[in-house]
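Coordinate inspection notes
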Amino acid sequence: MVSFSKIALFAAVAQAAVIPQESPAGLKVRQSGDQNVITWDKYSFYVNGERVLIYSGEVHPFRNPVQDLHLDVLQKIKALGFNAVSIYVHWGVVEYERGKFNWDGVFNLQPFFDAAKAAGLWVIARPGPYINAESAGGGLPGWGARVEGQWRNSNANYTAAWQPYINSVGKIIAKNQITNGGPIIIAQPENEYSGFMNPDGTLNPQEDLEYERLLLEAFDEAGIVVPTVSNDAWIGGHFTSVDVYGYDNYPAGFDCANPISSWPDPPDYFYAAHKDVAPNTPNSILEYQGGAFDPWGGAGFEQCYKLIGPEMVRVYYKNAYASATHLLNIYMIFGGTNWGHLTNPGGYSSYDYAAAIAEDRTLREKYYEIKLQANFLMVSPAYLTSVPVDVQKFPTSGSNITITELWDEVGEKQRFYIIRQSKPSESKDSAFKVNIETSAGPLTVPQLGNAALTLPAHDSKILVTDYPAGPVDVLYSTLEILTWKVIDGKTVILLYANTGESGEISILTNTARKVDVRRGKSSTVTFKQTSTALTLQFVVGHETVAALGDDILLYVVDRVNAYNFWVPDVNLKDDLPVIIKGSYLLRTAKFSGNTLALTGDTNGTTVFEVIAPKKAQAYTWNGKRIDTDLTRYGTQEGRYRTTTPRVDVPDLARLKWKYINTLPEVSSGYDDSSWVTADHTYTPNKIKPLTPVILYASDYGFHSGNILWRGHFTATGGENEFNLSIQGGNAFAYSVWDNDKYLGSFTGAPAPSAHNGSYTLAPWTKGSNHVITILQDHMGLEQNWFGGEENFKSFRGLSDYSFGGATPTLKQWKLTGNLGGEKFVDWARGGYNEGGLFAVRKGYHLPGFDDSNWASKSPLKGLTGPGVEFYRTTFNLNIPDGVDYPMAIDFGNSIKESYRVEIYVNGWQFGKYIDDIGPQKSFPIPQGILNYKGENTLALSLWSLEDGGAALESIDLVIRNKVEGGVGTVKNSPAPSYAVRPGSY
Ligand code: GAL
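We now turn to the structure provided with this report.

The rules we used
The residue numbering used here restarts from 1 in each chain and proceeds along that chain's sequence as written. Residue-level local features of this predicted model are given only where pLDDT is at least 70; pairs of side-chain atoms are given and counted only at 80 or more, and the full residue set underlies all totals for whole chains, interfaces and linings. Side-chain numbers here rest on the full set of heavy atoms in the structure, without hydrogens or water. Secondary structure elements are taken from DSSP: a helix is a run of H or I of four residues or more, a strand is a run of E of two residues or more, and numbering for both begins at the N terminus. For the radius of gyration, the atom set is restricted to C-alpha positions; the globular benchmark scales as 2.2 Å times the number of residues to the power 0.38. Only protein chains enter the area calculation, which uses a 1.4 Å probe; residues under 20% of their type maximum are buried, those over 50% are exposed, and those in between are partly exposed. Residue contacts follow a heavy-atom distance rule, with two residues in contact if any of their heavy atoms lie within 4.5 Å. Throughout, the Shrake-Rupley method with a 1.4 Å probe supplies accessible areas, and for residues the shown protein chains are the sole cover considered. In this count, Lys and Arg are taken as positive residues and Asp and Glu as negative ones, while His and the chain termini are left out. Here the site of a charge means NZ on Lys, CZ on Arg, CG on Asp, or CD on Glu. The criterion for strand pairing is that DSSP finds at least two bridges linking the strands in question. Between N-to-C directions, angles span 0 to 180 degrees; the directions come from axes that are lines fitted to C-alpha atoms, helices contributing only their stretch in contact. Salt bridge, as applied in this entry: a Lys or Arg side-chain nitrogen positioned within 4 Å of an Asp or Glu carboxyl oxygen. Buried Ala, Val, Leu, Ile, Met, Phe, Trp, Tyr and Cys residues form a nonpolar core when they are joined through side-chain atoms within 4.5 Å. Two cysteine sulfurs form a disulfide in these notes if their separation is within 2.5 Å. Stacked, tilted and edge-to-face pairs are distinguished by plane angle, under 30 degrees for stacked and over 60 for edge-to-face with tilted covering the rest, among Phe, Tyr and Trp rings (Trp via its six-membered ring) whose centres lie within 6.5 Å. We call a charge positioned above a ring when the Lys NZ or Arg CZ atom is no farther than 6 Å from the ring centre and deviates by at most 35 degrees from the ring normal. Angles are sorted into four bins: roughly parallel if under 35 degrees, roughly antiparallel if over 145, roughly perpendicular if 65 to 115, and oblique for all others. Left-handed describes a crossing whose near helix is turned anticlockwise from the far helix through less than a right angle; right-handed describes the clockwise counterpart. In protein, a polar contact means a hydrogen-donor-capable atom and an acceptor-capable atom, both N or O and within 3.5 Å, with residues adjacent in sequence counting only if both atoms are side-chain atoms; elsewhere, any N or O pair within 3.5 Å suffices.

Scanning the chain from terminus to terminus reveals twelve helices and 59 strands. Taking 985 residues into account, the globule formula puts the C-alpha radius of gyration at 30 Å, and the chain, at 30 Å, falls close to it. Evaluated residue by residue, the chain yields a buried proportion of 66% over its 985 residues. Within the chain, contacts between residues separated by at least 24 positions form 74% of all contacts whose residues are at least 6 apart in sequence. Total accessible area computed for the chain in this model is approximately 32100 Å², and 50% of it derives from carbon and sulfur atoms. Here the chain carries 82 positive and 102 negative side-chain charges, and the mean point of each set is 5 Å from the other.

Right, dumping it as structure tokens:
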């Protein structure tokens, strides 16, 4: 997360950043000569000797615990025209207990790598040790709280902590490298190693070079031979000892509450700054804003999508291209879910991120916008050797336009002009002419008639000159190029603009060409033929198709129609010279004999158009034959009617629900002897508490979910007040009892992460025994953005408590979180999944538990006072094959009350709902966690923090989207059922 401190630091040190000109002597820099599969020069990477643009999207396998759904997401990324996916690995998840790695089941990375390979994507592997990512501890493990000293530097204790992990994950990465037939082409140690602290907590301008050296050495030792990259938080020249220096950028900010109007002006300086720091490596942006995170009580992801929607992609992504960015990774392209307490306190269960692919795996409009851009870049190889040579800023009627000119230094012919509003936050449309350089000399375009180039508000355009579309030399085009292909000797060029705009394309040709408008109105096309060029001007409508002689076919379409085109193979080798129009998603295309077999997803009636070689004589869609007719320009068109069968989903409100009180701890005689005794008197934590024994949960191995504390006291007599200082992370809450008497709660608010509370006691009588029980929420471990800081150790628990009236004698403090703590019980679902509530400790959230002895009550009835109840129900689903129907559990939220719900679906914690803080009300539950063909167990904890009690307003299982198609069989994730838990309490 870009924390406030990070922004402040950026301001403070960005100017003063030390920029090493070369790697400090003695650092081990892996040379590309170790392998020659992936290499680079100052412009771009090469894979197997071929210059490539690396266009990648970020996905976190740990945020999707259904292995069979990876392929769905990865095929969607591939269909954008991207060629790579970037991943973080979360250390704390896989080494929840120190020294014991869990790479099994949903934590196994192999299925992800295999799916990436199957989808045809390379992988950028980013295992940390630190990742940030708005995740618990920023990736650092909870047990780190007991490791003395600073983290993310060369502190020997920290070194000993991370080395086994990097060794373990490093070997997995090494095995899956491209050099071993796997998909991994790049590896990144650390993340944003850009801000640093001294032991005393003051800022240190210097990175820890020894730490960097140790990390690179560990990568080497694990057998990682692909190039290493860094991800500096800005172009500050940190961690340049990697092979290829990289940085990240979030240009549109995170102010989801004020979309677009809060947009900063796009920067022009990236390329120059990159050249200063890393002149000999490709300009590499390891993270570029694909959405936004959102805090508790935030605006919600639909609102973030207004900030980071298709307009943002048009303005800022094109601006990144203006900096000659030749490795670009979009963070996030699919966010996924913070299931099982995986979040840091700065976020909630959804990590939707307003990304192009939503949390429920549906495609947003932004997806289609990115697809237009990626497709263009993939067929524009000169972009890879182009650099910005000129930035012109000029006012036009009522607006300011910035034009960056890129020049292909190697080919010495092509230019790309990136045209944008200088202040995209303003809503101004502009119409103007542009001066461009071409091989035919300088030109002012558009040329024909009185036309102007229009640039609407929140838009940008890329204009090309001397652009080869296969054998066709495009002198210039003010229409944007989507793609081109040479199919049976005919060059098909797809161009687009906004509806109603006029655009021009000029083609170098010395023969007179017949312009034949075969689709659309010929009145929208004007043209001029000279002895050297044919220049055409189009008023852009839905679709115009014009043949220019026998060997050129132009499609000119408006933006929304452009979204419909798919290029299954963006490579220029033309192994698959096919363009398809139509469908919600085209996953794959391949010839089998003369049949072109297509797979993908549809919704509604789809009109396909297949632009393919004559060899294609029959077409199938997901195995079904599509009948087609020949169009007037030699392509095939056919109609496909989608079937999305009606299915019944249960009405959750009407199911039979069973419940128990899950707070036996506050009934008299409760025996907590099996609990952990809080008896430490020393904590490695920098914040030393005032309590007689340490009351920090992580010191005793509890790092997630609800934490319970029980202080046993003998009264001196006259105690009439209990005061405490407690911390749980943003939006946390707690409730306090004196024996079975409820004292009160702090109901929480979005920001506070700690609270000083004071609760009145019914005066204690001398010699009486009292147990103060505190139930607190743990909102996740903090991140640790600064190298050298220890913020992730921020305690969860009490730093102080006291009594008013008199001071009792402490007998002991007990605590519990999840059963077993770091020696957690549920290997399949991992250490973070469970919290400390009685029902969860016992395993009652699991499928197969026999709740027949429990009383019946619905969570819509709920509690009449403070406390926590645990509810269970079961239901069946029967969703047919061949469709993708993502579902969610929705909560009614018209009246806000102080209660919290944790949702367990088939034992998987898949959401934490806070009624009075929000904003999340809808919790996507993926297929595979939900059993789509059989029984499901839904369990909820309902924690009422109000004297008047709490009940759900409504709870619904909803189908979010219906498409025919999908990724095929989705195996359910392992969901071990209930078994008596020995030693549970
Ligand atoms: C970056 C960081 C990512 C993520 C992102 C915001 O600074 O590298 O891990 O936290 O900010 O979503």
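Having seen the model, we can carry on.
Pairing in this open sheet of five strands is mixed, and the strands run 22-23-29-28-25 from one edge to the other. Strand pairing shows two members of the sheet lacking a second neighbour, strand 22 (480-487) and strand 25 (515-519), which therefore form its edges. Direction aside, neighbouring strands of the sheet carry axes that sit 20° apart on average. Relative to strand 23 (residues 490-497), strand 22 runs antiparallel, the two being bridged by seven bridges. Residue Trp-484 lies in a different strand from strand 23, and its bridge partner there is Ile-493.

Next up on the list: the sheet that holds strand 43 (residues 721-727). An order of 41-48-43-46 is seen for the four strands of this open sheet, with the pairing classed as antiparallel. Pairing within the sheet leaves two strands with one partner each, and these edge strands are strand 41 (695-696) and strand 46 (754-760). The sheet contact formed by strand 43 and strand 48 (residues 797-804) spans seven bridges and is antiparallel. Pairing of Leu-724 across the sheet is with Tyr-801, part of strand 48.

Moving on to unusual backbone geometry. A cis amide bond links Val-445 to the next residue, Pro-446, at an omega of 0°. Of note, Pro-446 is situated in the loop between strand 18 (441-445) and strand 19 (453-455). The residue after Gly-918, namely Pro-919, is reached through a cis peptide bond having omega 5°. Counting through the fold element by element, Pro-919 comes out in the loop between strand 55 (908-914) and strand 56 (922-925). The phi dihedral of Arg-152 is positive, around 70°, even though this residue is not glycine. By secondary structure assignment, the location of Arg-152 is in the loop between strand 6 (122-128) and helix 5 (156-175). Even without a glycine there, the phi angle at Asp-488 is positive, about 50°. Relative to the helices and strands, Asp-488 resides in the loop between strand 22 and strand 23.

We now examine the pattern of salt bridges. Enumeration over the complete set of coordinates arrives at 52 salt bridges. In this structure, Glu-190 engages Arg-152 in a salt bridge whose closest nitrogen and oxygen atoms are separated by 2.8 Å. Residue Glu-190 is located in the loop between strand 7 (184-189) and strand 8 (196-197), and its partner Arg-152 is located in the loop between strand 6 and helix 5; the two are separated by 38 residues in the primary sequence. Since its relative accessible area comes to 0%, Arg-152 is described here as buried. Here Arg-559 and Asp-459 are joined by a salt bridge, their closest N and O atoms 3.5 Å apart. One end of the pair, Arg-559, is in helix 11 (residues 559-562); the other, Asp-459, is in the loop between strand 19 and strand 20 (460-469), and 100 residues separate them in sequence. Per residue, the accessibility class of Arg-559 equals that of Asp-459, and both read buried. Put simply, Asp-72, Lys-76, Arg-361, Arg-587, Asp-601 and Asp-884 are held in one network by salt bridges that share partners.

What follows is about the nonpolar core. Core analysis: the biggest nonpolar cluster contains 282 residues, and Tyr-55, Leu-596 and Ile-774 have the highest contact counts within it. Per-element tally for this core: the top contributor is helix 5, with nine residues. Discounting chain neighbours no more than four positions away, the residues touching Ile-774 are Ile-707, Leu-708, Trp-709, Phe-722, Leu-724, Ile-726, Tyr-734, Ser-735, Val-736, Leu-798 and Trp-813. Counting 25 residues, the second-largest nonpolar core is a separate cluster that includes Leu-663, Val-840, Phe-849 and Trp-854.

Attention now moves to the state of the cysteines. A complete count under the given rule lists one disulfide for this structure. Note on cysteine connectivity: Cys-256 is disulfide-linked to Cys-304, with sulfurs 2.1 Å apart. In this structure, the disulfide formed by Cys-256 and Cys-304 twists by about 100° around the S-S bond and is classed as right-handed. Here the residue Cys-256 occupies a position in the loop between strand 10 (247-249) and helix 7 (270-277), and Cys-304 occupies one in helix 8 (residues 301-307), the gap between them amounting to 48 residues. Cys-304 carries the same exposure label as Cys-256, and that label is buried.

Counting across every chain of the model gives 77 aromatic pairs. The interplanar angle of 10° and the centroid separation of 4.3 Å between the aromatic rings of Tyr-696 and Phe-795 together place this pair among those described as stacked. Within this pair, whereas Tyr-696 is found in strand 41, its partner Phe-795 is found in the loop between strand 47 (769-776) and strand 48, the two being separated by 99 residues in sequence. The two residues Tyr-696 and Phe-795 agree in class, both being buried. Here Phe-722 and Tyr-801 contribute two aromatic rings whose centre-to-centre distance is 6.2 Å and whose plane-to-plane angle is 35°, an arrangement assigned as tilted. Placement of the pair is Phe-722 in strand 43 and Tyr-801 in strand 48, with a sequence separation of 79 residues. Given a relative accessible area of 12%, Tyr-801 falls into the buried group. Connected via pairs of aromatic rings, a cluster forms that spans Trp-91, Trp-143, Trp-151, Tyr-158, Trp-162, Tyr-165, Tyr-193, Phe-196, Tyr-211, Phe-239 and Phe-792. Cation over ring: Arg-63 sits above Tyr-351, and NZ or CZ is 3.6 Å from the ring centre. One Lys or Arg, Lys-857, reaches over the ring of Tyr-659 and ends 4.3 Å from the middle of that ring.

Here the focus is the environment of Val-244. If you trace the backbone, Val-244 turns up in the loop between helix 6 (209-221) and strand 10. Of the residues examined, Val-244 reaches a relative accessible area of 0% and is grouped as buried.

Quick look at the environment of Arg-415 now. Locating Arg-415 in the fold gives a position in strand 15 (residues 415-421). Residues Arg-415 and Ala-762 lie 347 residues apart in sequence; the distance between their C-alpha atoms is 81 Å. Beyond its immediate chain neighbours, meaning those up to four positions away, Arg-415 contacts Glu-405, Leu-406, Trp-407, Glu-437, Leu-463, Val-464 and Thr-465.

Here we take up the packing of helix 5 against helix 6. As a packed pair, helix 5 and helix 6 sit with axes 10 Å apart at the nearest point and diverge in direction by 25°. Regarding the angle of helix 5 to helix 6, the classification is roughly parallel. The handedness of the crossing between helix 5 and helix 6 is right-handed. Residue-level inspection shows Tyr-158, Thr-159, Trp-162, Gln-163 and Ile-166 of helix 5 in contact with helix 6, the latter providing Tyr-211, Leu-214, Leu-215, Ala-218 and Phe-219.

So, on to the pairing of strand 42 (residues 707-714). When you tally the buried positions in strand 42, you get seven out of eight residues, the bulk of the element. When strand 42 meets strand 47, the two strands line up antiparallel, connected through eight bridges. Note on strand 47: the bridge partner recorded for Gly-711 is Ile-772. Examined bridge by bridge, strand 42 and strand 49 (residues 809-816) share seven bridges and lie antiparallel to one another. Across the sheet, the residue bridging to Phe-713 is Leu-810, located in strand 49.

Attention now goes to the side chain of Thr-509. With respect to the helices, strands and loops of the structure, Thr-509 is situated in the loop between strand 24 (502-508) and strand 25. Within the local environment of Thr-509, its side chain forms a polar contact with the backbone oxygen of Thr-511, the two atoms lying 3.2 Å apart. Contacts of Thr-509, omitting those with residues within four sequence positions, involve Gln-529, Thr-530, Ser-531, Thr-532, Ala-533 and Leu-534.

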